[in-house]
Amino acid sequence: MTAPATVVEVKDFKPEVHSDWCPGCGDFGVLTALFQACAQLQIQPHNLMVISGIGCSSNLPGFIRSYGAHTLHGRLLPFATGCKLANQEMTIIGTGGDGDGYGIGLNHFIQAMRRNIDVTYIVMNNEIYGLTTGQVSPTSETGMKTKTSPHGNLEGMLNPMALALAAGCGFVARGFSSQIKHLVELYKAGIEHKGFALIDVFSPCVTFNKLNTYQYFKERIYKLEDEDHDTGSFHAAMDKALEWDPKIPIGLFYRNPDPRPPLDSLDPALTGQPLVHQDYTIDSETRGELIREFM
Amino acid sequence: MTAPATVVEVKDFKPEVHSDWCPGCGDFGVLTALFQACAQLQIQPHNLMVISGIGCSSNLPGFIRSYGAHTLHGRLLPFATGCKLANQEMTIIGTGGDGDGYGIGLNHFIQAMRRNIDVTYIVMNNEIYGLTTGQVSPTSETGMKTKTSPHGNLEGMLNPMALALAAGCGFVARGFSSQIKHLVELYKAGIEHKGFALIDVFSPCVTFNKLNTYQYFKERIYKLEDEDHDTGSFHAAMDKALEWDPKIPIGLFYRNPDPRPPLDSLDPALTGQPLVHQDYTIDSETRGELIREFM
Amino acid sequence: MSEPEVIVGIGGAAGDGTASAGNTLVLSMARQGIAAYSYNSYQSVIRGGHSWLRLRFSAKKPLNHGDQVNVLIALNQDSLDRHLQELPPGGVCLYNGAKFQPSYDPPARVQLCGLPVPDLAPDSVRLPVMQNTVAVGAAVQMMGLGFETLAAVFETTFAKKPAVVQKNVEAARNGYDYAAKNFQPLATPLHPTDQKWAQSSGNDLLAMGAALAGCKFYAAYPMSPATHILEWFASHAKRLGICVRQVEDEISVVGMCIGANHMGVRGMCATSGGGFALMSEAIGMAAMYETPVVIINVMRAGPSTGVPTKTEQADLNQVFGASQGDFERVVIAPVSMGDCFVTPAVAFDVADKYQIPVVILADLLLCEGSETVATEVLDVEFPIDRGELITTADGSPDEPYLRYKDTPSGISPRAIPGLPEHLYVSGSDEHDEDGVLLSDVFTDPIRRKKMVDKRHRKMSTILRDLPAPMLEGPADAETTLLGWGSTWGVIKEAAERLTAEGVSVNHLQIKTMIPLHGDEIAAVVEQSQRLIIIENNQSGQFARHLRAETGIVAHGHIRKYDGEPFEPKHIVSAVNDIIGGQEVVDVLSTEPGFRTDHPTGTSGSWEGLNQVTRPGVPTKA
Amino acid sequence: MSEPEVIVGIGGAAGDGTASAGNTLVLSMARQGIAAYSYNSYQSVIRGGHSWLRLRFSAKKPLNHGDQVNVLIALNQDSLDRHLQELPPGGVCLYNGAKFQPSYDPPARVQLCGLPVPDLAPDSVRLPVMQNTVAVGAAVQMMGLGFETLAAVFETTFAKKPAVVQKNVEAARNGYDYAAKNFQPLATPLHPTDQKWAQSSGNDLLAMGAALAGCKFYAAYPMSPATHILEWFASHAKRLGICVRQVEDEISVVGMCIGANHMGVRGMCATSGGGFALMSEAIGMAAMYETPVVIINVMRAGPSTGVPTKTEQADLNQVFGASQGDFERVVIAPVSMGDCFVTPAVAFDVADKYQIPVVILADLLLCEGSETVATEVLDVEFPIDRGELITTADGSPDEPYLRYKDTPSGISPRAIPGLPEHLYVSGSDEHDEDGVLLSDVFTDPIRRKKMVDKRHRKMSTILRDLPAPMLEGPADAETTLLGWGSTWGVIKEAAERLTAEGVSVNHLQIKTMIPLHGDEIAAVVEQSQRLIIIENNQSGQFARHLRAETGIVAHGHIRKYDGEPFEPKHIVSAVNDIIGGQEVVDVLSTEPGFRTDHPTGTSGSWEGLNQVTRPGVPTKA
Ligand SMILES: Cc1ncc(C[n+]2csc(CCOP(=O)(O)OP(=O)(O)O)c2C)c(N)n1
Ligand SMILES: Cc1ncc(C[n+]2csc(CCOP(=O)(O)OP(=O)(O)O)c2C)c(N)n1
Ligand code: SF4
Ligand code: SF4
Ligand SMILES: [Mg+2]
Ligand SMILES: [Mg+2]
């Protein structure tokens, strides 16, 4: 804000700390695309705040030069909401895993969409619990064998796209971590969308998920942008959300043509300045009025 | 189980304790319909377990003669899941409020549907927090004024029907607490459905919700049973789920024509006897094998 | 107690209007300079049941609801039957004589004042609450006060409905006049004074105190007895420019609140025990982030859902232990409703200065009860100290900014996100001075220890910034009565009465629970021969805490865990029992007398149950 | 220590195969009757980084990982550089001479054993882990053992892949033979014995012990270091007929677990500190329902996410305080991996008998470490005592069944749902003997107190059913070393060494944390002149607990909170420091010597940092 607006390049987002993901992990692509999207949007690193939960994917804020917080498992969205409401001038990006967002954090996910907080939420969906070394996830396919479902997953596979639509999310997209350019476009559109934006990214866990590999996705995915898909239609989006094997769509599923305004634009306390820049003293006249309410 | 099967009547479910709801509360109708459905299905009170969270609506287990548990706010479904897995021969009914199930308990709600646990879940949806005396609920309409949204609710209204469909629930229905007969039919179908069954019930809070009154619903609701609605079609159900003002459908939205088997029928440990009746000692041969795994 | 006082009890079902009748009475007293303290025993139903509101009035500010009502306003038959028996000689019982009749003879020298309500307020046929207005009018007259202030109260209450004002004023006037003609006034009438009183609850005062201390963000999930804090904030949000959000659960509440604080905004949240349990995980995160946060836990009777409308002081263990690992936290227990007003300012300053989570441990008694507070107490501008907070940045800093710099004080200057040249990531994992996670290196015992020590070092100076224990009464008294939090007012009165009876006592009340001013407490205790700890719980959580921190073991314990708060008489008699040799006295409230068989009354008999003696306190070390 | 021992350190990156090399080594030793104890210092990455596995072998069962390795197997250059310096005279360093070379001179009298791996295992070019096999073969030879057992281990490990067996056997054989020809064997070779050892971790033993104690339901959410319990259950679920569920979060886990127990099935769950925080609300519910439940909290270094792969004993406060209100709970801390096996049976019996929540408080050291346990210890049939559980009902009971009957013991016979004539509703609200909520009546101080007292009464007899503190060494020793939980083995060895050095010590280890056997502890402490409390945390949580419960204040404290566990040398030297007059000694692990500037090594210098002395313990009361 006070800093002179300098031209931002990808390198400005690259920190000294090296990412500690396994070689080949899908999360690298997710991060690379984020560098590019932020640079292309000319977001100043100090106006960017990247917030994660806990998981391999959630280590991301440590690997980008910006403000960041690495919260608790499943709790990035409440924290991000507090941040956004405190200072709506910051660009807030949430990054986490499928376990983090669709498992333990699912309630916050649904409510954040309903609440329409202006956060771009990138989920590195590897259909497995990576950091804890390979347990079943809510997005693991039914029948999938993992350390904790040795005879096959008995539960239904959670569909984040369908849930996001049903929860009233105004921007619902899916990418694939090895299609960086495509991802950059989705990120940019998501960040520019005023309101909650979900970008679910297939980000293969090369170490623990032997089913949903790069190959698996390469054989199945196709881009909605290459089809005659109406991104303004809830119904079309829901149809696409239900597609899985043998073909899996990626791209922008849905953008509400008549989006609800984001929460920070509606809250009467946030009009004008962000809270953090507002004066917090209460004048003696108002104080007097408050006291008189008790009399 | 050991008891001789006697004919069960409505009076067998009526306890000595009187319900403490406000006169006119919608929850009375919900309870009356439950007495009737259980009697019509000839469920023995001792084979029935009614489990709730916390809220006015969640006081229900205290007002029906059966086994019951009044758990924590939002936590009835995990407890009910544990009960069902421990003894799948019991009929397990969950009863709670909109705040309980769609607010604090939403994650369990979605995951229970995905998990397809064989519980019938009746939500007394009064679009308000009753027991805590009138705060905004996730199902409160956008713009609705409550004690905690004095200038109107800024958030989107949560759509439990759409979420249930998106979460893969195999039985999705909605009733209205003053249409008891209709409700009894929905309950019976839900209880007989093998797998998770959601029955959302408009159950007006006469004390705190001055918007969604009996009148409000009477003017708007119509029965899907009176229409040419295909209960086997996900798409038709989703269309109906999105309907609200000026017309609101009640009835059976969706019953999966090809339902997934419930979890208790898939878990290898539960085949044959319920866990609670199984022998829990491990013979010395198996013990030896377990030890040899360490050698 | 030379100053005259009156204790009014208003009994009725939920929905009968006990609260508004009480409110009218309190406001009319307060405007005449008479102070009030109210406590409502109610049950967890929205309509029906029984609600028992006690209001104590006196020109000398009452600090608790007292021992026994002398004016009963019975709004239904049940209340008449329950409470008539409790009145002392000289007491008065007001009721709608057209509807109810006493079921038994009143105690000796009690005046039965049946009011012919239909005659005095013809509207009451349609509007049963008019009986309350008539009774209030009568009560005011019998307390020896004029009518005008009461009339003015109706004008404010129904400001937008002149017709309602008129009806109420008439009904009250008729009740007033009827009493003047037909009843004996109370023997000790109340006298107006010039003091200006504001009537409010601990919840309202916590909210307003926080707002005046710069709280710009408030998130909550409704939970009794903390819900009214949310409601105060919600109804003042727009006017005061405070962002107020009700969200999906307490986990989200605390997460948002820490997020807002992290960005540099003072944010607060409140809940009760069960909601606090859900918040515990995040409290450790705030500690690890060194992000300030203020959390209010309004205790109610536990465990678990417990008795949601009853009071208790049994969450000290929970707030002490909440969240895994060793870390720094502060817990402050306000000692009165007036103290609720100043506590948030202290909490925010300490949270900001030391960058730690601060818990305000209040309880139902304080927060849902109400009392009059002198307006000058509320009309203050808190000096706000945000500690080492960096809010602007021009040019590059001299050396690279380290968010978790290892300083001699343990406090690292905190930059709010959004400033150039101060980028950092906060992690709930252990990290180095620059915020880089230590779990991502093989093992780093030295840095790990450094960071734990840095954070811990902050505690070495913090006691100075926290309210010290308050000793009242002679330093060399024989017996010290020690309480914490909300029991201050009732112990204070008991101590005064004991002193008047010739028992040598003083009174030490603890407000800062964690950390503890151990030296100051020890200094007091050393002077006295007998220490008695009084707390509103079963296990003596504070007694245990005190022993853990200082080794001090009390000679006697007065405990209460039946849901109802202490009354001065309980403490006076239990102190005498302990002086007489007992160790633990469990105080039990019960309705006295002969009608405990009443179908809606409390079960069991009064005999011998008022105070239960229990051996087996910790042996002296 | 007359029995010869060898401490092997295997260093490499995650993915280099340290764990499987260690496993091969341990199995081959165990099958020859040689006991082992292993501890792995690793970092929170899936690949790369540094992993440092220490294995201690001896015919006399080692109870900790010891002070210093004497055989180093370096799987990469980094490990060679880090650890070569640590070897003592007579030590051995094995490495792939074709790939790595020491960067500096080894310490005096250390044998550098470069193995020409490509020659000995041609496959290693494609399959780098073959170097591990060669090194293991060489190590076995140098420890003085035959080759056959090692070969047999490969046969079991790769049972389904004969080609792999053959390759590994060949490579190991070549390593073995090469060592025989080229290297000096260790001065004190190991000798086979007849003891049968099973090698397993605390996690595996907790799981298996629970299964043998009748656990039929296990729910969890993965969380290090407790995840392996879930994995053991998942992989044995079908065979043992146990319902095992991984669910959405710890709140759901504990809810399901209480649900299953409520229906009459023994159910358990496990987590670490953060997950336990989320479970806290429900623990109070179990207490209010009087439904048994067993919860394992495997501690790791906190606060918050902390250092997820490091050990600590700092969750005692959390488990003590978890959930609001006063209620009964039991906390048991297993003292060794073998003890992990028996603890669930004790926990389930106590939970069932007293109908209360029981927490098993273990830690990373026990649960992720592994040791050999004599097979006869594991081959037992636990007598299962389910207490007053009603599981069948024929005909009508004589009197109406009251789930919460107020009995002299406080224990009310518990009917499992599903029985005729025993209907009841359990509420998390306070309730009467029949389960009817008290919050739904106006106020019921008498019943409320009765129910609190009933539940509390159960604690009066419970200590008998819980493991008493264990005193080892002479009762009249001058100094008592007191530890709890996982530190038993390391303190025991330190005590033996101190005794051997002529220092008069005994050793008291606490397993039952809550409630505390205060009298038994006091009896021991009274006999000795000096009490030293040893714990793996910063604030001395147990010291505080002990003082709170008994008033006992220790003379000295040995603490460690740098993430790494104690080694015997730390305790020996800190005890001497305390005898010399210090009060608190903070032990700090660090890598010794001259190469602390290594880029991947620990930062800071060793000098003076090994033990830090801290004043300011609680003043003696
Ligand atoms: C309360 C809590 N429970 C459990 C954990 C352990 N935990 C850490 S990461 C993780 C799941 C990781 O899966 P995901 O979110 O999909 O991220 P990924 O590692 O696959 O990128 C779990 C269960 C935790 N940190 N906190
Ligand atoms: C953890 C926790 N937070 C908050 C509460 C307080 N509380 C009790 S009931 C309730 C909401 C009631 O609303 P709903 O579930 O819709 O039920 P209703 O009363 O409307 O039937 C709340 C917030 C609680 N008991 N526990
Ligand atoms: S374990 Fe999987 S998700 Fe984690 S860093 Fe490795 S490849 Fe990525
Ligand atoms: S407050 Fe509302 S929901 Fe609760 S009992 Fe009364 S009418 Fe029903
Ligand atoms: Mg994942
Ligand atoms: Mg509701």
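Residues numbered from 1 in each chain as written. Chains lettered and ligands numbered in written order. Predicted model: local features only at pLDDT ≥ 70, side-chain atom pairs only at ≥ 80, totals over all residues. Heavy atoms only, no water.

Peer 1: I'm lost on the pairing of strand β19 (residues 479-484) of chain D in this one. Help?
Peer 2: Residue and element names in this part refer to chain D. For β19, the buried fraction is high: 6 of the 6 residues fall into the buried class. Along β19, one buried face is formed by Thr 479, Leu 481 and Gly 483 and the opposite face, lined by Thr 480, Leu 482 and Trp 484, is buried too. Here 4 bridges tie β19 to strand β22 (residues 530-535), and the two strands are oriented parallel to one another. Considered in β22, the bridge of Thr 480 is made with Leu 531. Sheet topology note: the β19/strand β20 (residues 505-510) ladder contains 6 bridges and is parallel. Its bridge partner lying in β20, Thr 479 is registered against Val 505. (Buried < 20%, exposed > 50% of the residue type's maximum accessible area, 1.4 Å probe, protein only. Helix = DSSP H or I, 4+ residues; strand = E, 2+ residues; numbered from the N terminus. Pairing = 2+ DSSP bridges.)

Peer 1: Would you take a moment to explain the site of ligand 4 for this structure?
Peer 2: Taken together, 10 residues lie around ligand 4, and Cys22(B), Cys25(B), Cys56(B), Cys205(B) and Val206(B) are the ones closest in. Flanking ligand 4 are residues from chains B and C. Class assignment for the residues of the shell around ligand 4 results in 8 nonpolar, 2 polar and no charged. (Near = heavy atom within 4 Å. Nonpolar A, V, L, I, M, F, W, Y, C, P; charged D, E, K, R; others polar.)

Peer 1: Could you clarify how one ought to interpret the site of ligand 3 in this entry?
Peer 2: In the neighbourhood of ligand 3, 10 residues make up the surrounding shell, with Cys22(A), Cys25(A), Cys56(A), Cys205(A) and Val206(A) lying closest. Residue neighbours of ligand 3 fall on chains A and D, so the site bridges chains.

Peer 1: What is the right way to read the relation of the copies chain D and chain C from this model?
Peer 2: If you rotate chain D by 180 degrees and push it 0.0 Å along the axis, it lands on chain C with an RMSD of 0.0 Å. On the angle and the small slide along the axis, the relation comes out as a two-fold axis. Considering only C-alpha atoms, the part of chain D nearest the rotation axis is Ala548(D), at 2.0 Å. (Least-squares fit on C-alpha atoms with pLDDT ≥ 70 in both.)

Peer 1: Please clarify how the interface of chain A and chain C should be interpreted in this entry.
Peer 2: By a widely used convention, the size of an interface equals the accessible area lost when the partners come together. Counting residues at the interface gives 53 residues for chain A, matched by 69 residues for chain C. Of the roughly 5100 Å² buried where chain A meets chain C, counting both sides, 67% is carbon and sulfur surface. By the criterion of area lost to chain C, the three top residues of chain A are Tyr67(A), Tyr280(A) and Phe294(A), representing 16% of everything that side buries. The tally of links from chain A across to chain C stands at 6 salt bridges. Linking Arg239(C) and Glu289(A) is a salt bridge whose minimum nitrogen-to-oxygen distance equals 3.1 Å. Scanning the region where chain A abuts chain C turns up 19 residue pairs in polar contact (both at pLDDT 80 or more). Within the residue set of the side of chain A that touches chain C, elements represented by two or more residues are β2 (67-70), α2 (76-86), α4 (106-115) and α10 (284-292) of chain A. Residue classes in the side of chain A that touches chain C are distributed as 28 nonpolar, 16 polar and 9 charged. (Contact = heavy atoms within 4.5 Å. Buried area = accessible area lost by both parts, 1.4 Å probe. Salt bridge = Lys/Arg side-chain N within 4 Å of Asp/Glu carboxyl O. Polar contact = N/O pair within 3.5 Å; in protein donor to acceptor, adjacent residues only side chain to side chain.)

Peer 1: In this structure, what is going on with the domain arrangement of chain C? I would like to understand it.
Peer 2: Each assigned domain of chain C is listed with its residue range as follows: domain 1 (5-195), domain 2 (200-378), domain 3 (388-467) and domain 4 (469-587). On a C-alpha basis, the centres of domain 1 of chain C and domain 3 of chain C stand 59 Å from each other. (Domains from an automatic or database assignment.)

Peer 1: What should I look at first to understand the coordination of the magnesium ion (ligand 5) in this one?
Peer 2: The protein atoms that coordinate the magnesium ion (ligand 5) are Asp98(A) (OD), Asn126(A) (OD1) and Ile128(A) (O), at distances of 2.0 to 2.2 Å. Classification of Asp98(A) as buried rests on a relative accessible area of 2%. (Donors = N, O, S within 2.8 Å, 3.2 Å for Na, K, Ca; no water.)

Peer 1: Would you take a moment to explain the pattern of salt bridges for this structure?
Peer 2: If charged atoms from side chains of opposite charge come close, those side chains can pair. For the structure on display, the rule yields 98 salt bridges over all chains. Across the pair Lys458(D) and Glu290(D) runs a salt bridge, and its minimum N-O distance is 2.8 Å. Of this pair, Lys458(D) sits in the loop between α15 (445-457) and α16 (459-462) while Glu290(D) sits in the loop between α10 (273-289) and β11 (293-299), and the two are 168 residues apart along the sequence. The exposure class of Glu290(D) is buried, given its relative accessible area of 0%. Where Glu472(D) meets Lys492(D), a salt bridge forms, and the shortest distance between an N and an O atom there is 3.0 Å. With Glu472(D) in strand β18 (residues 470-472) and Lys492(D) in helix α17 (residues 488-500), this pair connects stretches of sequence that are 20 residues apart. When salt bridges with common partners are traced through the structure, they connect Arg114(A), Arg115(A), Asp267(A), Glu155(B), Arg245(C) and Glu248(C) into a single cluster.

Peer 1: In this structure, what is going on with the side chain of Gln131(D)? I would like to understand it.
Peer 2: Structurally, Gln131(D) is set in helix α4 (residues 130-142). At 2.9 Å, the side chain of Gln131(D) and the backbone oxygen of Leu75(D) are in polar contact.

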